[in-house]
Amino acid sequence: TVADEAATRETVVLLHGLGRTRAAMWPMAVRIEKAGFDVVRIGYDSLRQTPEQILAEVSRQIDACCANLPASVHFVGHSLGGLMIRAYLAGHEVRSRGRVVLIATPNAGTPLVDAYGDAWWMDLVGPTAKSLGTGLDSFPNSLPKPDYPVGVIAGVREYRLLEDLIPGEHDGLVPLESTRIDGMVDFITVDSNHAFLRYSREVARQTVAFLRTGRFLRDR
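Note that the coordinates shown come from a computational prediction; the quantities given were computed from them, not determined experimentally.

Visitor: Would you mind showing me how to read the sheet that holds strand β1 (residues 11-15) here?
Guide: Within a beta sheet, neighbouring strands are joined by backbone hydrogen bonds and run either parallel or antiparallel to one another. Strand order across the open sheet formed by 6 strands is β2-β1-β3-β4-β5-β6, with parallel pairing between neighbours. Pairing within the sheet leaves two strands with one partner each, and these edge strands are β2 (38-42) and β6 (186-191). Across the sheet, the axes of successive neighbouring strands diverge by a mean angle of 20 degrees, strand direction being ignored. Across 5 bridges, the pairing between β1 and strand β3 (residues 73-78) is parallel. Residue Thr11 lies in a different strand from β3, and its bridge partner there is Val73. Each of β1, β2, β3 and β4 (97-103) touches helix α2 (residues 26-34); the most contacted strand, β2, lies at about 165 degrees to it.

Visitor: I would appreciate a short explanation of the nonpolar core in the present structure.
Guide: In a soluble, globular protein the nonpolar side chains are often hidden away together inside. Of all hydrophobic cores here, the largest spans 36 residues; its most connected members are Val13, Leu15, Ile62, Phe75, Leu89, Val100 and Phe139. When residues of this core are traced back to their parent elements, those giving at least two are β1, α3 (51-65), β3, α4 (80-91), β4, α6 (122-130) and β5 (150-156). If you tally residues by element for this core, the top one is α4, at 7 residues. Excluding its chain neighbours within four sequence positions, the residues that come into contact with Val100 are Phe75, Ile85, Leu89, Tyr148, Pro149, Val150, Gly151 and Phe210. Core analysis: the second largest hydrophobic core is formed by 22 residues, Val76, Ile103, Ile188 and Phe210 among them.

Visitor: Sorry if this is basic, but what is going on with the packing of α3 against α4 here?
Guide: Running from N to C, α3 and α4 point in directions that differ by 70 degrees, and their axes come no closer than 10 Å. The pairing of α3 with α4 is recorded here as roughly perpendicular in orientation. Here α3 contributes Pro51, Ile54, Leu55, Ser59, Ile62 and Asp63 to the contact with α4, which in turn contributes Met84, Ala87 and Tyr88. Within the contact of α3 with α4, the residues separate by chemical class into 7 nonpolar, 1 polar and 1 charged.

Visitor: Just to check I follow, could you spell out the environment of Val203 for this structure?
Guide: Looking at the secondary structure, you find Val203 in helix α8 (residues 201-213). Taking the C-alpha atoms as reference, Val203 lies 15 Å from Arg157; in sequence the two are 46 residues apart. In this structure Val203 touches Met28, Ile103, Ile153, Val190 and Leu197, once residues within four positions along its chain are discounted.

Cut-offs applied
Residue numbers run consecutively from 1 along every chain, following the written order of its sequence. Owing to the predicted nature of the model, reporting of local features is limited to residues with pLDDT of at least 70; listing and counting of side-chain atom pairs is limited to 80 or more, with chain, interface and lining totals taken over all residues. Only heavy atoms go into the side-chain values, all of them from the structure, while hydrogens and water stay out. For two strands to count as paired, DSSP must find a minimum of two bridges between them. In DSSP terms, a helix is any run of H or I states spanning at least four residues, a strand is any run of E spanning at least two, and both are numbered starting from the N terminus. With axes taken as lines fitted to C-alpha atoms, and helix axes fitted only over the stretch in contact, angles between N-to-C directions fall between 0 and 180 degrees. Should any heavy atoms of two residues lie within 4.5 Å, those residues are considered in contact. To form a nonpolar core, buried Ala, Val, Leu, Ile, Met, Phe, Trp, Tyr and Cys residues must be joined to one another through side-chain atoms within 4.5 Å. Exposed residues in this analysis have more than 50% of their type's maximum accessible area, buried residues have under 20%, and partly exposed residues fall in between, with area computed by a 1.4 Å probe over protein chains only. Any angle that is under 35 degrees is reported as roughly parallel, and any over 145 degrees as roughly antiparallel; angles of 65 to 115 degrees are reported as roughly perpendicular and all others as oblique. Ten residues, namely Ala, Val, Leu, Ile, Met, Phe, Trp, Tyr, Cys and Pro, are considered nonpolar, four, namely Asp, Glu, Lys and Arg, are considered charged, and the remaining ones, Gly among them, are considered polar.

Written out as C-alpha cells, the structure reads:
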C-alpha cells in the first residue's frame, strides 16, 4: 500500500550553510527526491545566533520530524550545515541513523576567519561565523569524531587572489584539507566554488551514490 511504501522510504535531512535559508537546498532536495528518498529541509538563522542557539533550533526540528522514523534517516549538510549535523549527532539518538554527507564543511575551520575575525564587518555575519576559525577552541574543532559513516565532498577552484590567505587547494572559502575528517569512509572533489556546490548536479549525484552504497562514484 501507499502507507507501507511511505513507512519504508528512507529520509534525507538537508541543512544549508551560513547566511542561507531552506530555499538554498531546494535544487538538491529535488534531485534527491527523484532518487527515491523523502527529504526534509531544516532552516535556521545563522547570522544572529551562537552555535549553541542554532544547534538547539536544529535539534528541535530534527527530533520532531525524523529522530524516530522506522526507516533509515540520512543527513546531508552544506558548509556550516555539516557542522550542525555533526553537533546534533554527537548529542542525540536517531532510531534508524543512516549515512552522512558533508559538502564543503570546514571540519578544521577556515583560515579566512583567523585572518579577518577582528574586522568590523565580521560583526555583520554574526557570532557563529566568527567561531569557524582553525584554533583548537573553535566550534569545528570542538566536535567529536564521527561514529557513523561519513562521506566528504570538497570543492576545488583556483583563486589566485587568495593564495596567501588559504593554503593549498580550496573552494574560495574552505581549504581542501580542512574538509577532511578523521574516520571518513570516502572523499571526493568536485570542480566548483564553495557556494555553487549545493546547486551542482554532480554533487547531488555523488551524494545519492553515497547514501545508497556508502561510496562515491569513480566513473569519471
